[in-house]
Amino acid sequence: MVSQKITIKNPTGLHLRPAGVLCTVAMEFKSHITFQHKNITANAKSVLSVLGACVKYGDELEFFCEGEDEQEAMAAIIAAIEDGLGDK
């Protein structure tokens, strides 16, 4: 299992569009991908779970990837977040 913390830079947080992009990236991998925000653990492959975490601009998330492609999954998730998850 690998984990990494990252700060959300989207001005509007993880609303529907960026949450959908995050889930689309996560679903490309076989690994189990979750993140923790405050006391909530969310499944990164579920839009409802991501939206339910109520992530706002500036919030720090810790992502966890566990599985055969965990390194690649983590790299793709971090790159997608740093690229703005479709919000520019």
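Structure: above.
Residues numbered from 1 in each chain as written. Predicted model: local features only at pLDDT ≥ 70, side-chain atom pairs only at ≥ 80, totals over all residues. Heavy atoms only, no water.

> Got a sec to walk through the pairing of strand E4 (residues 60-66)? Specific residues and values, please.
In terms of strand pairing, strand E1 (residues 2-7) meets E4 through six bridges, oriented antiparallel. In the sheet register, Lys 5 faces E4, and the bridge partner there is Glu 62. Across five bridges, strand E2 (residues 32-37) lies against E4 in antiparallel orientation. Of the residues in E4, the one forming a bridge with Thr 34 is Phe 64. (Pairing = 2+ DSSP bridges. Helix = DSSP H or I, 4+ residues; strand = E, 2+ residues; numbered from the N terminus.)

> Quick rundown of the side chain of Ser 31? Include the residues and the values.
Considering the arrangement of structural elements, one finds Ser 31 in the loop between helix H1 (16-26) and E2. A polar side-chain atom of Ser 31 sits 3.1 Å from the main-chain amide nitrogen of Glu 70. Not counting residues within four places of it along the chain, the set of residues in contact with Ser 31 comprises Lys 45, Glu 66, Gly 67, Glu 68, Asp 69, Glu 70 and Ala 73. (Polar contact = N/O pair within 3.5 Å; in protein donor to acceptor, adjacent residues only side chain to side chain. Contact = heavy atoms within 4.5 Å.)

> Before we move on, could you go through helix H3 (residues 70-82) and cite the residues and values that matter?
With 13 residues, H3 should cover 18 Å at 1.5 Å per step; its first-to-last C-alpha distance of 18 Å lies within 8% of that length. Turning to H3, its buried residues are Glu 70, Ala 73, Met 74, Ile 77, Ile 78, Ala 80 and Ile 81. Buried residues in H3, looked at end-on, bunch into an arc of 160°, giving them a common side. Every exposed residue of H3 that faces more than 90 degrees away from the buried side is listed here: Gln 71 and Glu 82. The inward-facing, buried residues of H3 abut E1, H1, E2 and E4. Trailing H3 by a residue or two, Gly 84 shows a phi angle of about 100°, which is positive. (Expected span 1.5 Å × (residues − 1). Buried < 20%, exposed > 50% of the residue type's maximum accessible area, 1.4 Å probe, protein only. Arc of directions from axis to C-beta.)

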